[in-house]
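Fold and geometry: a report
Each chain, written out:
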Amino acid sequence: QYSPDSVAGADGEMDPTEVTFPGCPCRSSSCQLPQCPCLRRGHSYSGQRLRLPQQQPFCRPVFECNSLCCCGEGCQNRLVQRGLRLRLQVFRTPRKGWGVRALEPIPSGSFVCEYAGEVLGFAEARRRSQAQAPEEPNYIIAVREHLHDGRVMETFVDPTHVGNVGRFLNHSCEPNLFMVPVRVDSMVPKLALFAAAAISAGEELSFDYSGRFHNVPGASQEHKPLEEGNSLRKPCYCGSRTCASFLPWDSSLFSTP
């Protein structure tokens, strides 16, 4: 079932459509720093593009203006919520199954699409992962945000049965997209994919499933030797110079509680 936005999963733990954030009081057509409380929460856009961090080992949070804000629909702080605006094409690749390519040039920093699906709790995400046969494709993505006070926020999205074009994006060890959790109405983020560099028409779109574009190498468990799990790991066919041979692996969804 096609859905441009994420939906609540069958376990009903989180509803991504619930509005829990207060709106900003800005009356201007487009919000500005430092007045807007939404912009003060984190990163901001520049000319409808996300500013790429320079030499930063981490990604700052992004909070867009929401449905309760007083600013207009044309506010520059409303980007991901507007959805897909580019011409993309799902196509059959020689070795990787389905893939997605751009049908028009995409400037660096542009929003491309959301990775949408069912938003699950940890228990349901693990149950679905363990129920899959090794030969079946696994679309579940686990996003962990490490906060400054040591807390870790987890988001699990499964587009297996409900999702959008993002489910067809392939992994690459040298990707041209990067994922950023973008919050609009609540703490349940939209998993937004932005162009990491200028992308040409006809070029296949890809992102690193482990989120390494903004992360310090070795910071996540996907980089640790997991010989005991190699029988379940899927080979990587990205063909890049730095290919890791296997797709990223998250052992937490397969371990017993």
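A quick note: this is a predicted structure, and the numbers were derived from the prediction, not measured.

Brief notes about the layout of surface pockets
To locate leftover empty space, one rolls a probe as large as a water molecule over the atoms. Considered as a void within the structure, the second largest pocket measures approximately 210 Å³ in volume. Lining of the second largest pocket is provided by Asp 5, Ser 6, Pro 16, Thr 17, Gln 81, Glu 114, Val 184, Asp 185, Val 188, Pro 189 and Lys 190. Residues that form the lining of the second largest pocket fall into these classes: 4 nonpolar, 3 polar and 4 charged.

Quick look at the pairing of strand β7 (residues 141-146)
Across the two faces of β7 the burial differs, with Ile 141, Val 143 and Glu 145 buried and Ala 142, Arg 144 and His 146 not buried at all. Sheet topology places β7 next to strand β8 (residues 152-158); 6 bridges connect them, and they run antiparallel. Looking at the pairing, Val 143 lines up with Thr 155 of β8. The turn linking β7 back onto β8 is made up of 5 residues, and Gly 150 within it adopts a positive phi angle of 95°.

Points about unusual backbone geometry
Leaving glycine aside, a negative phi is the common case for residues, and trans is the common case for peptide bonds. Look at the link from Leu 33 to Pro 34: it is a cis peptide, with omega at 0°. By the element assignment, Pro 34 lies in the loop between β1 (7-8) and α1 (37-40). The phi dihedral of Gln 48 is positive, around 65°, even though this residue is not glycine. By the secondary structure assignment, Gln 48 is in the loop between α1 and β2 (62-63). Look at Ser 245: it is not a glycine, yet its phi comes out positive at around 75°. Relative to the helices and strands, Ser 245 resides in the segment after β12 (204-207). Note on Ser 245: relative accessible area 43%, which makes it partly exposed.

As for the confidence of the model for the protein chain
Overall, the prediction assigns the protein chain a mean pLDDT of 88, with 88% of residues at 70 or greater. Per-residue pLDDT stays below 50 along residues 214-228; that stretch engages in 21 contacts with residues further than four places along the chain or on separate chains.

Observations regarding the pairing of strand β3 (residues 88-92)
In the sheet, β3 pairs with strand β4 (residues 98-102) via 5 bridges, with the strands oriented antiparallel. Bridge assignment links Leu 88 to a residue of β4, and that residue is Ala 102.

Procedures and definitions
Residues numbered from 1 in each chain as written. Predicted model: local features only at pLDDT ≥ 70, side-chain atom pairs only at ≥ 80, totals over all residues. Heavy atoms only, no water. 1 Å grid on protein atoms, 1.4 Å probe; cavity = no way out; pocket = protein on both sides within 12 Å on 5 of 7 lines; lining within 4 Å. Points joined across faces, edges and corners; volume = space filled by probe spheres on them. Nonpolar A, V, L, I, M, F, W, Y, C, P; charged D, E, K, R; others polar. Buried < 20%, exposed > 50% of the residue type's maximum accessible area, 1.4 Å probe, protein only. Helix = DSSP H or I, 4+ residues; strand = E, 2+ residues; numbered from the N terminus. Pairing = 2+ DSSP bridges. pLDDT = per-residue confidence, 0-100. Contact = heavy atoms within 4.5 Å.

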